[in-house]
Amino acid sequence: MPDLLLELLSEEIPARMQARAADDLRRLVTDALVAQGFLYEGAVAFATPRRLALHIAGLPPKGQDLREERKGPRVGAPEAALAGFLKSTGLTREQLTVQSDPKKGDSYVAVIERPGRPTPAVLAEIVPAVIRSFPWPKSMRWGAASAQPGSLRWVRPLQSILCVFDNDIETPQIVPFEVDGLASGDVTRGHRFMAPGAIRVRRFEDYVAALEAAYVVLDPARRRDMVAHDARDLAFAQGYEVVEDEGLLEEVAGLVEWPVVLMGSFDASFLAIPPEAIRATIRANQKCFVLRGPDGALANRFILTANIAAHDGGEAIVAGNERVVRARLSDAKFFWDGDLKVPLADRLEKLRSIVYHEKLGTQFERVERIAALARELAPALGADPDLAERAARLAKADLVTEMVGEFPELQGLMGRTYAAAQGEHASVAAAIEEHYKPVGPSDRVPTDPVSVAVALADKLDTLVEFWAIGETPTGSKDPYALRRAALGVIRLVLENGLRLSLHHAFSRARLGRPLPALDTAGQDPATAPAARLGSFASDLLSFFHDRLKVYLRDRGARHDLIDAVLGARTLSPGGRGQGEGDAPSPDGAEPPHPDPLPPGERERGAPGRSVELANDDLLTVVRRVEALSRLLETEDGRNLVAATKRAANILRIEEAKDGRTYDGAPDPAGFALAEERAFAGALDEASRTAADALAREDFEGAMRALAELRPAVDAFFEAVTVNDADPALRANRLTLLAGLRAATRAVADFAKIEG
Amino acid sequence: MASEPDTSSPARSFQGLILTLQRYWAARGCVILQPYDMEVGAGTFHPATTLRALGPRPWRAAYVQPSRRPKDGRYGENPNRLQHYYQFQVILKPNPPDLQELYLGSLDAIGIDTGLHDIRFVEDDWESPTLGAWGLGWECWCDGMEVSQFTYFQQVAGFECAPVAGELTYGLERLAMYLQGVESIYDLNFNGLDGPDRVTYRDVFLQAEEEYSRHNFEVADTAMLFRQFRDAEGACRTYLAAGEPAEGGNDPRHRMAQPAYDQCIKASHVFNLLDARGVISVTERQSYILRVRDLAKACGAAWLKTEAGGLTWQEIEAPGLARNGAEAGGLAREKAA
């Protein structure tokens, strides 16, 4: 079967764009072929710094013949109608046939036969169209042609196009076309320096071999393997180990057509610079790998990948690279020594000149907020408030060091190193680095309480501040990585088993500063500040709930159970009074809690408070989800859920019918049947036990107490007709069901549980 | 005399490197210009690049440009950084199709053997916010060291380049350090002589680096500089207005494009000095850059209405056919004429 070989030779393509470009080339050409009815067996594309190549195997030599019958005017129709038909079909009158129909009479029929076009002719249309509209992330114009509007754009100047079609029978032929004066041909070139001559190519197999002979390895995966393998061998032979770096490997493979791996060294005295800084310097500026010695410490060696096999075996190349590495490390050493001389605390003033965000002030102001919040959070986290505040204050100071200015990716790490060298407390030094963590779902979560306090303060401040100015994530847009910050808080809290009232934290983060314009807009200025903060906080809290759902779902929790728990009502069952036997409930109008976690408060939240605000302690939410999921593992639990849903359904219908709710205490005198009385007794007992358990935050206990309702509930539904003809009996029975609904809702909204 | 060493060899002397590059590019049709007589941050600011890159007329030039980066001063203590250094600038419009080969030829001319050294073109998109200019190209590496920048100008002063110009910028000190095999800029042999006649980069420039670092970071009169910035900005606007073709007049030419552009250069350098003195806050910084860019754009628009900017004689002599030069591409105007 015939094959296509296409090569687009250009000036150097940025390494980061190569893989995508090869893929786009394959997709665009094959899609266009398929759209025109050309199927193929396989297509594979390659990229080097100077070329994109595409091989499509198993193409048909020509397209399929098409035969179309088109019915025309009746015989004897006006001449104009016939002329129009002939024009539209492109046939002459003699070429038409006549079809007889017993009812409609004779009419003309055109049989149009379109022989399939030769594949090269179709390719000669497809390929130039793909080239002209190629989706480079950034493209340019060049040369004399660029004086005209609409001239060809490519990632860098396109130098030649090789396009040959090999139909197995004849000599492979050039697919003829021209793009902006560049004619397709069957010639390519080898390595820019080692084999720059022209190479005539007939088919893909010859092409790969000819390029290889001309010092070009076409396949990027092979170049990557060559670099990785040769680097390992070279290091191993001298007793070193390469510090693996996939991203760098990928980039290096995109910078060379003929990888030649060489080793260089630098003066061991540079090893006084922190290893991460050495690595960042050598990686970012030189695209070189660093090595480890047998002891695991960074060695004074590096691996470079040249693009030529030099006459002298690479001696001059190594010497040149060593010079540059030396100069770079001298700079790094200079930064390091200079940075060390200035205590981090003395750098804080400089943060005044760095704008954090146009509407949120400077980094200095941000640090002030984080320090205050870290101090505030510290006691509940078991951290020394002084240390937490100190760490927070120094956390961003390294942003104005020379080293971080040069290598922003070293932020935090350099701060830690400088802090340690300047005699800060070990926890303070650690927190400076760790306060950025966790950066993503797989990053390590800090455990030192000081680190946790600063990490939480940093992220909560970010969230609250951006929320305050209305810069919240929408769809795929999250420019300030607020989702990541929220996930960070969630992981810090859950993975350290922390009790933290988010709502309280939000209010402390504001530090009594004016409330966000977002919330005041369009609101009665007389609205209580607390209420405004309430709506702001509840919005942010539901953002947290969404992130929590994602987090728990990723860990295999059922999303319906999370919804059920978040839907729990804190109202006590049957109007038995709120917080009976517990601390008095807050009035709900004053959101900031007196301390981070008043015991039992969330469970017994006041009626005025929104449901979400009651769920502001993430650890509790998760424990409830766990307890609920264990409840559902038991038969009693599943039955209870089914019965509760049945009760809720009946209530929904009847309450709608009657236009009232049946919440409240049933009248013990109104019970007609033993099952009613038994159910009421069991409900009372279970509610009390569950409430006690909840007060102790014993969610399993609360669930167990409810599960024990099952026999009484079953018997009730078995024996009792809820919708009795006697309105008093019916009302009392509906009230009983409402009692069940309320009792279970204290732990979760069972109606949200699926199945 | 026969035994006297070749003092103008690029491997021997700093000035030899410059002379060799000048000879090489002169042989390729470039006019060899001298540095622009104003303080600039890079060779690109020279009107021979910024303004000549605009409009349809072919242009080939090469020159050395002393470049000032006040913030890069290190009081002569850093072997790799200077607040005043030299760039060798080549501009070819339109870029010839073999510009990469021509560039490699220039490396060969200064003694870099591509069979021994690893030359690489590494992605580097160039952008000058103050000039409203951008282009695509590379950093050119020799054995891991950036020795040149290679850019295909796409836009200058906010105008599309039609045609595109190719710009090459050689970092002369760095290249010379490599060729001479020295580790400090100050050890460069300037004149290629030995013994007592030898003049080094240190002899020529160390004292200047010390003095200007002091000036740039500590002493430069900021009140005066703020004033100069405003003055330059005002003068640029005044000159542009004065040079505008008369309304309904017969001559469509702008007559003050280059004097106005000088003031734009001036504003840019004054801004760099203020920046080095640390008296411009982060938020103000952006607005200063935008102010300079506005000047550059206005100067570019004026330039396009000059003869060197592409106005044809037909247009000048038959103004009825001339279009408003600012938005129309130069070639389009030639066609219209």
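Bear in mind the structure is a predicted one, so any value in this text is a computation, not a measurement.

Asker: Lay out the overall build of chain A with the relevant residues and their values.
Answerer: A tally of regular secondary structure across chain A gives 26 helices and 18 strands. The globule rule puts the C-alpha radius of gyration for 755 residues at 27 Å, and the 37 Å found for chain A is more than 25% above it. Dimensions of chain A, computed from C-alpha atoms along their principal axes, come out at roughly 105 × 105 × 55 Å. Partitioning the intrachain contacts of chain A with sequence separation of at least 6 by distance along the chain shows that 70% fall at a separation of at least 24. Summing over all exposed atoms, chain A offers an accessible surface of approximately 32,900 Å²; the carbon and sulfur share of this is 52%. Across chain A, the centroid of the 93 positively charged side chains sits 4 Å from that of the 111 negatively charged ones.

Asker: Requested: an account of the overall build of chain B, with residues and values cited.
Answerer: Looking only at helices and strands, one finds 10 helices and nine strands in chain B. For 337 residues, the compact-globule estimate of 2.2 N^0.38 gives 20 Å, and chain B sits close to it at 21 Å. Along the first, second and third principal axes, the C-alpha set of chain B runs to 70 × 50 × 40 Å. Restricting the contact set of chain B to residue pairs at least 6 apart, pairs at least 24 apart contribute 66%.

Asker: An account of the packing of aromatic side chains is requested, with residue identities and associated values reported.
Answerer: Enumeration according to the criterion identifies 35 aromatic pairs over all chains in this entry. On the numbers, 5.5 Å between centres and 90 degrees between planes, the contact of Phe14(B) with Tyr201(B) is edge-to-face. Remark: Tyr201(B) occurs in helix α5 (residues 201-219) and Phe14(B) occurs in helix α1 (residues 14-26); sequence separation between them is 187 residues. An identical accessibility class is assigned to Phe14(B) and Tyr201(B); each is buried. Ring geometry for Tyr86(B) against Phe205(B): centres 5.9 Å apart, planes inclined by 65 degrees, an arrangement best described as edge-to-face. In this pair, Tyr86(B) sits in strand β3 (residues 84-93) while Phe205(B) sits in helix α5, placing the two residues 119 residues apart along the sequence. Exposure remark for Phe205(B): the relative accessible area of 12% places this residue in the buried category. Taken together, Phe88(B), Tyr103(B), Phe121(B), Trp138(B), Phe150(B), Tyr152(B) and Tyr170(B) form an aromatic cluster joined through their ring pairs. Against the face of Phe364(A) rests Arg352(A), its NZ or CZ located 3.8 Å from the ring centre. Lying over the aromatic face of Tyr288(B), Arg291(B) brings its terminal NZ or CZ to 5.0 Å of the ring centre.

Asker: For the domain arrangement of chain B, give the residues involved together with the corresponding values.
Answerer: Residue and element names in this part refer to chain B. Segmentation of chain B into domains returns domain 1 (14-216) and domain 2 (220-336). One C-alpha centre belongs to domain 1, the other to domain 2, and the line joining them spans 25 Å. Summing both partners gives a buried area of about 2,600 Å² for domain 1 against domain 2, and 67% of it is carried by carbon and sulfur. Interface area lost by domain 1 to domain 2 is led by Leu 51, Arg 57 and Thr 130, which between them contribute 23%. Remark: the boundary between domain 1 and domain 2 carries one salt bridge. Joining domain 1 to domain 2, the criterion identifies 10 residue pairs in polar contact (both at pLDDT 80 or more). For the side of domain 1 that touches domain 2, the secondary structure elements donating two or more residues are α2 (47-50) and α5.

Asker: Account for the nonpolar core, naming residues and giving values.
Answerer: Judged by nonpolar contacts, the single largest core of 240 residues is most densely connected at Met403(A), Leu456(A), Phe544(A) and Trp25(B). When residues in this core are grouped by element, the largest group, 13 residues, is from helix α14 (residues 449-468) of chain A. Once you skip the residues sitting within four places of it in the chain, Met403(A) turns out to touch Ile273(A), Ala277(A), Ala332(A), Phe335(A), Trp336(A), Asp339(A), Leu410(A), Met414(A) and Tyr418(A).

Asker: Describe helix α15 (residues 482-495) of chain A, naming the residues involved and giving the relevant values.
Answerer: Residue and element names in this part refer to chain A. Over its 14 residues, α15 extends 19 Å from the first C-alpha to the last, a length consistent with the 20 Å expected when each residue adds 1.5 Å. With 11 of 14 residues buried, α15 lies mostly within the body of the structure. Every buried residue belonging to α15 is among Leu 482, Ala 485, Ala 486, Leu 487, Gly 488, Val 489, Ile 490, Arg 491, Leu 492, Val 493 and Leu 494, and all of these are buried. Backbone geometry just after α15 places Gly 497 at a positive phi near 60 degrees.

Asker: Outline the interface of chain A and chain B, listing residues and values.
Answerer: Across the boundary between the two partners, chain A contributes 48 residues, which contact 46 residues of chain B. Summing both partners gives a buried area of about 3,800 Å² for chain A against chain B, and 51% of it is carried by carbon and sulfur. Of all residues in chain A, Arg141(A), Phe193(A) and Arg323(A) bury the most surface against chain B, accounting for 17% of the area lost on that side. At the junction of chain A with chain B, the criterion picks out seven salt bridges. Residues Arg326(A) and Glu183(B) are paired through a salt bridge, measuring 2.7 Å at the closest nitrogen-oxygen approach. Between chain A and chain B we count 22 residue pairs in polar contact (both at pLDDT 80 or more) in total.

Asker: Would you mind going over the domain arrangement of chain A in detail, with residue names and values included?
Answerer: Domain boundaries in chain A define domain 1 (3-61 + 118-213), domain 2 (221-341), domain 3 (344-524) and domain 4 (563-752). Centre-to-centre, using C-alpha coordinates, domain 1 of chain A lies 51 Å away from domain 3 of chain A.

Asker: Kindly report on the packing of helix α9 (residues 363-381) of chain A against helix α10 (residues 385-394) of chain A, identifying the contributing residues and their values.
Answerer: Geometrically, a packed helix pair is captured by the angle between its two axes and the distance between the axes. Residue and element names in this part refer to chain A. The interhelical angle for the contact between α9 and α10, taken along N-to-C directions, is 155 degrees, at an axis separation of 8 Å. The angle between the axes of α9 and α10 places the two elements in the roughly antiparallel class. Two packed elements cross with a definite hand, and for α9 against α10 that hand is right-handed. Residue-level inspection shows Val 367, Glu 368, Ile 370, Ala 371, Ala 374, Arg 375, Ala 378 and Pro 379 of α9 in contact with α10, the latter providing Pro 385, Asp 386, Ala 388, Glu 389, Ala 392 and Arg 393.

Asker: Let's hear about the state of the cysteines: which residues, and what values?
Answerer: All names here are of chain B. In total, this model carries zero disulfides over all chains according to the counting rule given. Cys 142 forms no disulfide, and the closest cysteine sulfur to it belongs to Cys 140, at a distance of 10 Å. Look at Cys 142 and you get buried, because its relative accessible area is 0%. Cysteine Cys 299 is unpaired, with the sulfur of Cys 236 as its nearest cysteine sulfur at 3.7 Å.

Asker: With reference to specific residues and values, describe helix α7 (residues 257-276) of chain B.
Answerer: Helical periodicity: at 3.6 residues per turn, an α-helix aligns residues three or four positions apart in one direction. All names here are of chain B. An ideal rise of 1.5 Å per residue puts 28 Å on 20 residues; α7 measures up with 29 Å between its terminal C-alpha atoms. Of all 20 residues in α7, 15 are buried; the element is thus mostly enclosed. One or two steps after α7, the chain reaches Gly 278, where phi turns positive at roughly 70 degrees.

Asker: Let's hear about unusual backbone geometry: which residues, and what values?
Answerer: All names here are of chain A. For the bond from Lys 437 to Pro 438, the omega torsion is -10 degrees, close enough to zero to count as cis. Not every positive phi belongs to a glycine, and Tyr 215 is a case in point at roughly 60 degrees. The topology assignment puts Tyr 215 in the loop between α4 (204-213) and α5 (220-237). Note on Tyr 215: relative accessible area 32%, which makes it partly exposed.

Asker: So what's going on with the layout of surface pockets? Which residues, and what values?
Answerer: All names here are of chain A. Taken as a whole, the second largest pocket encloses approximately 900 Å³ of empty space. Taken together, 31 residues form the lining of the second largest pocket, with Glu 409, Gln 411, Tyr 436, Val 439 and Arg 484 sitting closest to its centre. Contributions of two or more residues to the lining of the second largest pocket are made by α7 (275-286), α9, α14 and α15. Partitioning the lining of the second largest pocket into residue classes produces 15 nonpolar, four polar and 12 charged.

Conventions used here
- Residues numbered from 1 in each chain as written.
- Chains lettered and ligands numbered in written order.
- Predicted model: local features only at pLDDT ≥ 70, side-chain atom pairs only at ≥ 80, totals over all residues.
- Heavy atoms only, no water.
- Helix = DSSP H or I, 4+ residues; strand = E, 2+ residues; numbered from the N terminus.
- Rg over C-alpha atoms; globule rule 2.2 N^0.38 Å.
- Contact = heavy atoms within 4.5 Å.
- Areas by Shrake-Rupley, 256 points an atom, 1.4 Å probe, with all protein chains shown as cover.
- Lys, Arg positive; Asp, Glu negative; His and termini not counted.
- Charge placed at Lys NZ, Arg CZ, Asp CG, Glu CD.
- Phe/Tyr/Trp six-rings, centres within 6.5 Å; stacked < 30°, edge-to-face > 60°.
- Buried < 20%, exposed > 50% of the residue type's maximum accessible area, 1.4 Å probe, protein only.
- Lys NZ or Arg CZ within 6 Å of the ring centre and 35° of its normal.
- Domains from an automatic or database assignment.
- Buried area = accessible area lost by both parts, 1.4 Å probe.
- Salt bridge = Lys/Arg side-chain N within 4 Å of Asp/Glu carboxyl O.
- Polar contact = N/O pair within 3.5 Å; in protein donor to acceptor, adjacent residues only side chain to side chain.
- Core = buried A, V, L, I, M, F, W, Y, C linked by side-chain atoms within 4.5 Å.
- Expected span 1.5 Å × (residues − 1).
- Axes fitted to C-alpha atoms, helices over the stretch in contact; angles between N-to-C directions.
- Parallel < 35°, antiparallel > 145°, perpendicular 65-115°, else oblique.
- Left-handed = near helix turned anticlockwise from the far one by under 90°.
- Disulfide = S-S within 2.5 Å.
- 1 Å grid on protein atoms, 1.4 Å probe; cavity = no way out; pocket = protein on both sides within 12 Å on 5 of 7 lines; lining within 4 Å.
- Points joined across faces, edges and corners; volume = space filled by probe spheres on them.
- Nonpolar A, V, L, I, M, F, W, Y, C, P; charged D, E, K, R; others polar.

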